[in-house]
Each structure stands twice: as C-alpha cells, then as structure tokens.
Amino acid sequence: MQIDTSPLEAILNEAHDIVLVGHFNPDGDALGSVTAAYHYLKARGKRSRIILPSPYPDNMSFLEPDDPQDRMLICENDLAEARRLVTGADAVICLDLNRLARTEYLEDDILSAQGKKVLVDHHIPAELDRFDVAISDTGVSSTCELLFRVLLAMPDIADDPARLGIRCAESLYVGMMTDTNNFANSVYPGTFDMAGRLIGIGVDKDGLQEKVLSCYSVSRTRLMGHMVKNKMVVLPRWKTAYMLLSNKEKARYHFQPGDSEGFVNLPLAIASVQVSALFTENADGAYVRVSLRSKGRIDVNRFANRFFNGGGHRNAAGGRLYMPLSDVPAYFEQALAAWPDEEKFS
Ligand code: 5GP
Ligand code: MN
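Calculation notes
Residues numbered from 1 in each chain as written. Chains lettered and ligands numbered in written order. Predicted model: local features only at pLDDT ≥ 70, side-chain atom pairs only at ≥ 80, totals over all residues. Heavy atoms only, no water. Helix = DSSP H or I, 4+ residues; strand = E, 2+ residues; numbered from the N terminus. Expected span 1.5 Å × (residues − 1). Buried < 20%, exposed > 50% of the residue type's maximum accessible area, 1.4 Å probe, protein only. Donors = N, O, S within 2.8 Å, 3.2 Å for Na, K, Ca; no water. 1 Å grid on protein atoms, 1.4 Å probe; cavity = no way out; pocket = protein on both sides within 12 Å on 5 of 7 lines; lining within 4 Å. Points joined across faces, edges and corners; volume = space filled by probe spheres on them. Nonpolar A, V, L, I, M, F, W, Y, C, P; charged D, E, K, R; others polar. Pairing = 2+ DSSP bridges. Contact = heavy atoms within 4.5 Å. Axes fitted to C-alpha atoms, helices over the stretch in contact; angles between N-to-C directions. Phe/Tyr/Trp six-rings, centres within 6.5 Å; stacked < 30°, edge-to-face > 60°. Lys NZ or Arg CZ within 6 Å of the ring centre and 35° of its normal. Domains from an automatic or database assignment. Buried area = accessible area lost by both parts, 1.4 Å probe. Salt bridge = Lys/Arg side-chain N within 4 Å of Asp/Glu carboxyl O. Polar contact = N/O pair within 3.5 Å; in protein donor to acceptor, adjacent residues only side chain to side chain.

Now for helix α2 (residues 28–43). Its 16 residues give α2 an end-to-end C-alpha distance of 22 Å, which sits within 8% of 22 Å, the value for a rise of 1.5 Å per residue. Extensive coverage of α2 is indicated by the burial of 14 of its 16 residues. A positive phi of about 85° marks Gly45, the residue just after α2.

Protein coordination of the manganese ion (ligand 2) is provided by Asp29 (OD), Asp96 (OD), His122 (NE2) and Asp179 (OD), with donor distances spanning 2.2 to 2.4 Å. Linear spacing of the donor residues for the manganese ion (ligand 2) on their chain is D-x66-D-x25-H-x56-D. With Asp96 in the loop between β4 (91–95) and α4 (107–112) and His122 in the loop between β5 (116–121) and β6 (133–136), this pair connects stretches of sequence that are 26 residues apart. For the residue pair Asp96 and His122, the accessibility class agrees, reading buried in each case.

Attention now goes to empty space enclosed by the protein. Here the structure, examined in full by the defined rule, presents one cavity of 30 Å³ or more. Looking at the largest cavity, its volume works out to about 110 Å³. Forming the boundary of the largest cavity are 13 residues, of which Leu8, Leu12, Ala37, Ile93 and Leu147 lie nearest the centre. For the lining of the largest cavity, the secondary structure elements donating two or more residues are α1 (6–14), α2, β4, β5 and α5 (143–153). Broken down by class, the residue content of the lining of the largest cavity amounts to 13 nonpolar, no polar and no charged.

Glancing now at the sheet that holds strand β1 (residues 17–21). Across the sheet, which stays open at both edges, the six strands sit in the order β3-β2-β1-β4-β5-β6 with parallel pairing between neighbours. Each of the sheet's edge strands pairs with one partner strand only, and the pair in question is β3 (73–74) and β6. Strand direction decides the pairing type here: β4 and β5, joined by five bridges, are parallel. Each bridged residue has a counterpart across the sheet, and for Cys94 the counterpart in β5 is Leu119. Along the sheet face, α2 touches β1, β2 (47–52) and β4 and points at about 170° away from the line of β2. Sheet strands in contact with helix α3 (residues 79–88) are β1, β2, β3 and β4, and its direction is about 135° off that of β2.

One pass over the full model with this rule turns up 14 aromatic pairs. Here the aromatic cluster, defined as three or more aromatic residues joined through ring pairs, consists of Tyr242, Phe279, Phe303, Phe307, Phe308, Tyr331, Phe332 and Trp339. Sitting over the ring of Phe62, Lys211 keeps its end group 4.5 Å from the ring centre. A cation over an aromatic ring shows up here: Arg320 above the ring of Tyr287, its NZ or CZ 4.1 Å from the ring centre.

One can read the domain layout of the protein chain as domain 1 (6–213) and domain 2 (218–344). Taken over C-alpha atoms, the centre of domain 1 sits 27 Å from the centre of domain 2. Between domain 1 and domain 2 lies a buried interface of about 750 Å² when both sides are counted; carbon and sulfur atoms form 44% of it. In this assembly, domain 1 and domain 2 are joined by one salt bridge. The partner of Arg320 in a salt bridge is Glu104, with the nearest N and O atoms 2.8 Å apart. Taken together, domain 1 and domain 2 are joined by two residue pairs in polar contact (both at pLDDT 80 or more). Partitioning the side of domain 1 that touches domain 2 into residue classes produces three nonpolar, four polar and one charged.

If you want it as structure tokens, here you go:
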C-alpha cells in the first residue's frame, strides 16, 4: 500500500497547535492511535493535545504522555476546555472513527473549527468529505496499523520504524494487538509485518500483552463466568447467541470500565453460533450499548446501521438502543427475523 503523505505533511508543517481526537468509550486502538500520533508529533517538535470524549479503562493508563501538561483531556471532565482546544487548533486530527458523531460532544465544534481537519481510520468510510485530508483503509487490522504505514511514509521516518521511538511504537502495537483480539481477527499479511518490525525495534510484546490483556480482577472473571453460564441465550434458528448485562449485575461484580471487553467474542467459540451480541445497560440507564460480532461473510456492520443506530466493521460492530434492557430480547429477535438476506452477507 503506497500512501501519499504530502497533503498531511503540508498541514503538519504549518500547524502549531494540534488536537488529536479519539472516539467515545475509547478502546486500545483509539488510545494507541492518539498516543502514537502524540509521540510522533512531539519528536517532530510539535505540541499536540489528546481529547477523548469519555474515560478510558485503567489498564491503559500507561499510555498517558509523561508530561503532566499533555495528559489526555476527557470531555466528560472538562467539555469547555475540549471545545476551546478544538476551536483554537490549527489542525484537528481524528483517529479511529468514521463519523464525527462518534466524538459524542464535538461534532459541531470540529465542523465549525477553522483548523485543517484530518482523518486516519479503518472503518467503512462514511464522512470523508468532512475532512481536508482523509486517510481511510478497511484492509488493515486497526487504525494503528494504518497510522504505522502513514508514519513510515513520512519523510522524517523514511521507512525506518526505529525512528518512531519506543513510546510511539508501543502505542501502535497496543492498538493493533487489541483490535485483532490478540491476532485472532482482522489480521492481514501487513499486520504480521508490522508486528515483526515493531518487535524488531524493541517493543516488549509479552509485557504489553500482560499489561493490557491479563489485567483483570477476580470479580471480572467471575462476571464473565456468570454471563456465559447464566445469561447466554442461544437462538439455534438464527445461529445466534446473545447476553444482557444489567447495572445490577455490574454492581454485584464491582464492574470497572473495560471489564466486559471480550465477552461478546465468547459465544463465537460455539461451532453453531455465527452471530453474537452483547447488550449492556448504560450506567445512567439512558440507553443500552450494543456490541455485535459475526463469522465469515455475515455483515453485522449493516445490521448495526439498520437496527442498532451504529456501525463498525463487517465482523465487529456496535451501536445503541434507546429502550429498557428488558425490551431488548424481543426487539433483537424481531431484528434477526427482519434482517434481509441481501444485507446479511457481504
Ligand atoms: P465494540 O463492540 O468493541 O464496542 O465495537 C466494535 C466496533 O464497532 C468498533 O470498531 C467500534 O468502532 C464500532 N462501534 C461500536 N459502537 C459504535 C457506535 O455506537 N456507532 C458506530 N458507528 N460504531 C460503533
Ligand atoms: Mn479500531
């Protein structure tokens, strides 16, 4: 994949104040990509500030920039400051999101900001025309893999990953590792190439795996057992399984942000299950978070578009339902029945 970075290079050369924006409920790929971009820009002598709509899981805190002034700004802690930074920035770089609505609070601010707008993302493209420069590719594991390619193509890196520096390289590795579910899904030849090159310059693969993937509490593991044993509903007719996670259960198992990471993948280990869904009651009860996974050609991205106010990728998508958790099973079964075959397979 040849990436022409000259338009991005021109924007970065001119920009003094840069903001890096990730998506709501930031995951490893969102955090990895914004922090990798931060480290790259810092090494280039550019000051940038990371803005995230909502808090990130505790186990990712090692990705925080060391400089206290540069700590990631969370909109839910200080929305006014986030808006001020977006409005005043020379460049707004959005990473790991395909719609500005995924920033939850900042869509209008980004649209009306004077600075140049840049997108680097691996979701199915949706709003490329809203950006001055949009680098979008669905044929990669993660935004971090795409960003790795972009950075290697920059003149100052000149295809030498050692020039990225170890913090940048670690961030990129974390995003790729988490978005592939540790090399299980969405892995391309370029993904292994990236992993090999990053390990080659000293990224500690085992250390990162332990920090990021083996970081849970006893109660989280018990919650996972409870979900599989008591909550998983299998619908053989639709080759589908789903689980509901309520706020009551979250409290009983001392739920922390990130604790349900991976739950939705568990039913896919069953040979007869092709689609898996996890429905999680939001803390304030305002909506139900939807997480969808599928095998092979089954396209849950379009399923999420049509029935769950969301989107994502063919085999991994998410969205929201604005209804009580107790209404979800009936809605879900109706959606499965109404899912048109021509949208189901891609
Ligand atoms: P997860 O199930 O891990 O939260 O999300 C799976 C995929 O779906 C991710 O690529 C994520 O970006 C996307 N996704 C999750 N929630 C939403 C949503 O509310 N809207 C859209 N458009 N995509 C989502
Ligand atoms: Mn991603």
